[in-house]
Amino acid sequence: MELHRNRDDPTGVTVVLNGVPSSHLDLADPTRLDFEYMQQMAAVIDRHGTPGEPLRVVHLGAAGCTMARYVQAARPGSHQLAIELDAALVELVRTWFDLPRAPLLKLRTGDARAELAGLPSSSADVIIRDVFAGSATPDHVTTLEFTQDVARVLRPGGIYLANCADRPPLDGARAEIATLRATFTDVAAIAEPGQLKGRRYGNLVLAGCDRTGLLGSADLARAVRSLPAPTRLLYGKELATFVGHAVPRSDAPAPPT
């Protein structure tokens, strides 16, 4: 793992894991988010509940704790748990960066799914999945069974946000959205238009909630359109068309046909 600095950006730091940029932080401004998918997640989080009120947030995959720093700045007094498989990274980010201290931010080493299983039901307002092995999300945190456990840990009205990286023809993203639609009442996807058209490898933010009103709101749609990079929100019929005939992922292998 490495820290990359840019002379034109004196307060910016990029955390690189196995050659892949995993986080960018502004050491002077925790509300600055350079990664587009993080901007998209922040647009959803900002519209959850009352602006500025503290949240309970679980981060599955911590890396540089960029989103944890953002939440604490935007929602002072929030209580957060960041779970990271890489024990060395957990120790280093505490040393490298000025992170909120426990109990405001607790860092825990472990597998995201195994640690999630031990969390109390109805204990989190937001769960963020940003788990990668190289450039891919491990299968065991994409299945219906895992997503149902996410829903168990969320409080009523809570939000699940998943960073889904995929490449054309986006079969993985479609299956993940189908998985969320089998679990949550309300589901949306946010991404750059070219990514949604299957032109390149990239990130989609998938969102699930057990109530309607937030993900399909005009306010969120405006916020997404106002992001620095061109961005689209897929919801309702448009999302269903994108998913097509994709089916939810499961822990059990599909029976032979």
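Only a predicted model underlies this, so the values are computations on that prediction, with no experimental measurement involved. (Residues numbered from 1 in each chain as written. Predicted model: local features only at pLDDT ≥ 70, side-chain atom pairs only at ≥ 80, totals over all residues. Heavy atoms only, no water.)

Visitor: Break down helix H1 (residues 36–45) for me, with residues and values.
Guide: Most of H1 sits inside the fold, with nine of its 10 residues counted as buried. Within the span of H1, buried status applies to Tyr37, Met38, Gln39, Gln40, Met41, Ala42, Ala43, Val44 and Ile45. (Buried < 20%, exposed > 50% of the residue type's maximum accessible area, 1.4 Å probe, protein only. Helix = DSSP H or I, 4+ residues; strand = E, 2+ residues; numbered from the N terminus.)

Visitor: Residue-level account of the side chain of Thr147, with values.
Guide: As for its position among the elements, Thr147 is in helix H5 (residues 144–153). For Thr147, a relative accessible area of 2% gives the class buried. Setting aside chain neighbours within four positions, we find Thr147 in contact with Thr142, Tyr160, Thr179, Leu180, Thr183 and Phe184. (Contact = heavy atoms within 4.5 Å.)

Visitor: Tell me about the packing of helix H6 (residues 171–181) against helix H9 (residues 236–243), residues and numbers included.
Guide: With their axes 9 Å apart at the nearest point, H6 and H9 run at an angle of 130° to one another. Taken together, H6 and H9 sit at an angle that is classed as oblique. Remark: the crossing between H6 and H9 carries left-handed chirality. Residues Arg174, Ile177, Ala178 and Arg181 of H6 form the contact with H9, whose own contacting residues are Leu239, Ala240, Phe242 and Val243. Its residues placed into classes, the contact of H6 with H9 shows six nonpolar, no polar and two charged. (Axes fitted to C-alpha atoms, helices over the stretch in contact; angles between N-to-C directions. Parallel < 35°, antiparallel > 145°, perpendicular 65-115°, else oblique. Left-handed = near helix turned anticlockwise from the far one by under 90°. Nonpolar A, V, L, I, M, F, W, Y, C, P; charged D, E, K, R; others polar.)

Visitor: Mind laying out the sheet that holds strand E1 (residues 2–6), listing which residues take part and the relevant values?
Guide: What the three strands build is an open sheet, ordered E1-E2-E3; its pairing is antiparallel. Both outer strands of the open sheet, E1 and strand E3 (20–26), are each paired with one neighbouring strand and no more. For this sheet, the mean angle separating the axes of adjacent strands, direction not counted, is 30°. As judged from the four bridges shared by E1 and strand E2 (residues 9–17), these two strands associate in the antiparallel manner. Its bridge partner lying in E2, His4 is registered against Thr14. (Pairing = 2+ DSSP bridges.)

Visitor: Which residues make up the sheet that holds strand E9 (residues 186–191), and what values go with them?
Guide: Consider a sheet: its strands pair through backbone hydrogen bonds, and that pairing is either parallel or antiparallel. Within the open sheet, the eight strands sit side by side as E6-E5-E4-E7-E8-E10-E9-E11. Their pairing is mixed. The sheet terminates laterally at strand E6 (105–109) and strand E11 (232–235), the two strands that pair on one side only. Between one strand axis and the next, the sheet turns by 15° as a mean value, whatever way the strands run. Sitting on the sheet, H1 is in contact with strand E7 (124–129), strand E8 (154–166), E9 and strand E10 (202–209), with an inclination near 165° to E8. Here helix H3 (residues 87–96) sits on the sheet in contact with strand E5 (79–84) and E6, set at roughly 155° to E6.

Visitor: Could you give an account of the packing of H1 against helix H2 (residues 66–74), with specific residues and numbers?
Guide: Running from N to C, H1 and H2 point in directions that differ by 35°, and their axes come no closer than 11 Å. As H1 runs across H2, the sense of the crossing is right-handed. Counting all contacts with H1, which are made through Met38, Met41, Ala42 and Ile45, the residues of H2 involved are Thr66, Met67, Tyr70 and Val71. A breakdown of the residues in the contact of H1 with H2 according to their chemical character gives seven nonpolar, one polar and no charged.

Visitor: Quick one: what's the story with the nonpolar core, residue by residue and with numbers?
Guide: Judged by nonpolar contacts, the single largest core of 34 residues is most densely connected at Leu60, Ile127, Val150, Tyr160, Ile177 and Leu206. Residue contacts for Val150: discarding those within four places in its chain leaves Leu116, Ile127, Tyr160 and Phe184. Counting residues in hydrophobic clusters, the runner-up holds 29 residues, among them Met41, Val44, Met67 and Leu220. (Core = buried A, V, L, I, M, F, W, Y, C linked by side-chain atoms within 4.5 Å.)

Visitor: If you had to explain the packing of aromatic side chains to someone new, which residues and values would you point to?
Guide: Tallied over the entire structure, the rule returns three aromatic pairs. Taking 6.2 Å as the distance between ring centres and 45° as the angle between the ring planes, the aromatic pair formed by Phe35 and Tyr37 counts as tilted. (Phe/Tyr/Trp six-rings, centres within 6.5 Å; stacked < 30°, edge-to-face > 60°.)

Visitor: Give a description of the pattern of salt bridges that names residues and reports values.
Guide: Tallied over the full model, the rule gives 13 salt bridges. With its nearest N and O atoms 2.9 Å apart, the salt bridge here joins Arg32 to Asp9. Of this pair, Arg32 sits in the loop between E3 and H1 while Asp9 sits in strand E2, and the two are 23 residues apart along the sequence. When its relative accessible area of 22% is taken as the criterion, Arg32 is described as partly exposed. Of the residues examined, Asp9 reaches a relative accessible area of 16% and is grouped as buried. The residue Arg232 makes a salt bridge to Glu238 at a minimum N-O spacing of 2.1 Å. Taking the relative accessible area as the measure of exposure, Arg232 reaches 29% and is therefore partly exposed. Residue classification places Glu238 among the partly exposed residues on the basis of a relative accessible area of 39%. (Salt bridge = Lys/Arg side-chain N within 4 Å of Asp/Glu carboxyl O.)

Shape is all these values report; function is a separate question.
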